[in-house]
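# Summary of the model geometry
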Amino acid sequence: MLRIMEIIKSKDPDQQEFHQAVSEILESIKPVMDQHPEYRKANILERLVEPERVIMFRVPWVDDGGDVMVNRGFRIEMNSSIGPYKGGLRFHPSVTLGILKFLAFEQVFKNALTTLPMGGGKGGSDFDPKGKSDEEVMRFCQSFMAELFRHIGANTDIPAGDIGVGAREIGFLFGMYKKLSNEFTGVLTGKSLNWGGSLIRPEATGYGAVYFAAEMLGTLDQTLEEKICLVSGAGNVAQYTIEKILDLNGKVVTFSDSSGYIFDEYGLDHSKLEYLKILKNIKRGRVEEYAAKYSSAIYTPVDPDADFNPLWDHMADCAFPCATQNEINAKDAQNLVKNKIMAVTEGANMPTEPQGIEIIIDNGLLFGPGKAANAGGVSVSGLEMSQNSMRLAWPREEVDNRLKIIMKNIHSTCLEAADQYGKSGNYVDGANIAGFIKVVNAMLDQGVI
Ligand code: NDP
Ligand code: 2IT
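Description of the structure in this document. (Residues numbered from 1 in each chain as written. Chains lettered and ligands numbered in written order. Predicted model: local features only at pLDDT ≥ 70, side-chain atom pairs only at ≥ 80, totals over all residues. Heavy atoms only, no water.)

### A look at the site of ligand 2
The local shell around ligand 2 holds 14 residues, among which Lys 86, Lys 110, Asp 162, Arg 201 and Ser 381 are the closest. A distance of 3.0 Å is found between an oxygen atom of ligand 2 and a side-chain nitrogen or oxygen belonging to Gln 107. Within the side chain of Ser 381, an N or O atom sits 2.5 Å from an oxygen atom of ligand 2. Protein chains shield 95% of the accessible area of ligand 2, which is 300 Å² for the free molecule. Put simply, the parts of the chain that give the shell around ligand 2 at least two residues each are β3 (85-91), α6 (97-113) and α16 (376-390). Looking at the shell around ligand 2, its residues break down into two nonpolar, seven polar and five charged. (Near = heavy atom within 4 Å. Polar contact = N/O pair within 3.5 Å; in protein donor to acceptor, adjacent residues only side chain to side chain. Areas by Shrake-Rupley, 256 points an atom, 1.4 Å probe, with all protein chains shown as cover. Helix = DSSP H or I, 4+ residues; strand = E, 2+ residues; numbered from the N terminus. Nonpolar A, V, L, I, M, F, W, Y, C, P; charged D, E, K, R; others polar.)

In structure tokens, the structure reads:
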């Protein structure tokens, strides 16, 4: 195992987030490797950490002032042993090859947990949609797809949204794909409803995370009713996490964006959430504006010199990090413990640093890792693909029920796998082990390819 870390660190020394994601898996699967010498013999780990294919390309576009801009585009096709590559696209200035490799790697195990036939991939660009006009975003998406289209397909690789890629971007990307390929297929998920999208896809990641949290709390005979919840982020995942917590009569007192966070001690209600959705999705504004509208809310800007995030330093029952990677460090985790949090549920991908996870688990809090807890989004993407293939659309209740069943299954799969390998109650190890076994067994079946 140490050898694998040495290999990836020496090959790609600057890809810290990828090292972090791989290291966590390697730690979890030690007991599995001990019981399965055939995995070692097949050099399965060496193969698992090497993407099947990496595509990197120039994305030139013209801004509203007539200047030519150049961004870098990527698609990491990580593993196709259980299905076509599947995973989102991220448009954010922090995007690098290393960030996308960590996300693609996580996606492989997450997708395996969903029970649907999907391999793992991820892509994106260092393009920043913030502050850009709709026309600039469209020209960028068209240029991005002008290259990506030759690498993807409904049975090959099916991208979707992630940070900075929502319904608007998926529309522009799909339009260009259709034009270039001369085919109307389900090549992207997260499409709008009237041209192939699935009901509940926008809600799915957030709703799924809350269903997962409810399952975890259920093991303690608890529910979300009247639980005070800290949520970070204000995008797709955060909005629908908040919505489902409110539906289940929980109380949400925080949310954030990359500039700062809101603490609303009276909690959000559905009308405040509606305001937040319009603010972020239509006006593309900042969460700070919420405090100007609601006097019960306090806005705290990000302090770049602080060594902890004050959002996690409030008395509450549950925490839902839904913004981005590594947003809970060891100090934040200590604050969560101090503030009597019972359950941490990761809506985002890898939002908790390794030391933070250790502190949370060692102190007996429930901890739902992203690759299990946020798998609802890609699960409903899988259901969107099924509906596209059948050329029909299921009603809202049907998709939501399937989502609930999938999240319940993922929860029990994690517990069973953890139990089987002597890690009872540890959802991190359970998720990693269950996802790993499914993927590597498929790889073994298919030979050295
Ligand atoms: P959005 O772009 O809709 O929202 C992202 C939110 O996080 C925004 O509020 C954004 O603030 C904030 N944010 C982004 N980067 C940073 C940063 N570096 N520091 C602080 N805040 C930041 O993305 P999603 O809601 O879709 O994604 C959120 C997380 O959930 C990501 O980790 C993503 O990978 C994960 N995820 C998403 C799924 C999906 O279906 N969309 C599925 C599974 C996981 P600002 O407005 O300032 O940019
Ligand atoms: O991280 C994720 O699971 C996503 N961004 C969603 C991927 C998808 O294909 O729906």
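### Remarks on the site of ligand 1
Contacts to ligand 1 come from 26 residues, most closely from Asp 162, Thr 205, Ser 258, Arg 286 and Asn 349. A distance of 2.9 Å separates an oxygen atom of ligand 1 from a polar side-chain atom of Arg 90. The separation between an oxygen atom of ligand 1 and a polar side-chain atom of Asp 162 is 2.7 Å. Starting from 890 Å² of accessible surface for ligand 1 in isolation, the protein chains cover 83%. Put simply, the parts of the chain that give the shell around ligand 1 at least two residues each are α9 (201-218), α10 (236-247) and β7 (251-257).

### Overview of the pattern of salt bridges
If you walk through the whole model with that rule in mind, you get 27 salt bridges. Of the charged contacts, one joins Arg 168 and Asp 134 as a salt bridge, the two residues approaching to 2.7 Å between their closest N and O atoms. Highlighted residues: Arg 168 in helix α8 (residues 167-181) and Asp 134 in helix α7 (residues 134-148), separated in sequence by 34 residues. Residue Lys 244 is joined to Asp 247 by a salt bridge in which the shortest nitrogen-to-oxygen separation is 3.5 Å. In this pair, Lys 244 and Asp 247 are both assigned in helix α10, three residues apart and thus about one turn of the helix distant. The buried category is assigned to Lys 244, whose relative accessible area is 10%. Its relative accessible area of 36% is what places Asp 247 among the partly exposed residues. In the salt-bridge network here, residues are joined through shared partners; they are Glu 24, Glu 106 and Lys 371. (Salt bridge = Lys/Arg side-chain N within 4 Å of Asp/Glu carboxyl O. Buried < 20%, exposed > 50% of the residue type's maximum accessible area, 1.4 Å probe, protein only.)

### Quick word on the side chain of Arg 90
Position of Arg 90 relative to the elements: it lies in strand β3. In terms of polar contacts, Arg 90 uses its side chain to reach the side chain of Asp 162, at 2.7 Å. Setting aside residues no more than four positions away along its own chain, Arg 90 makes contact with Val 95, Ile 99, Leu 103, Gly 123, Gly 124, Ser 125, Asp 162, Ile 163, Val 165, Thr 324 and Gln 325. (Contact = heavy atoms within 4.5 Å.)

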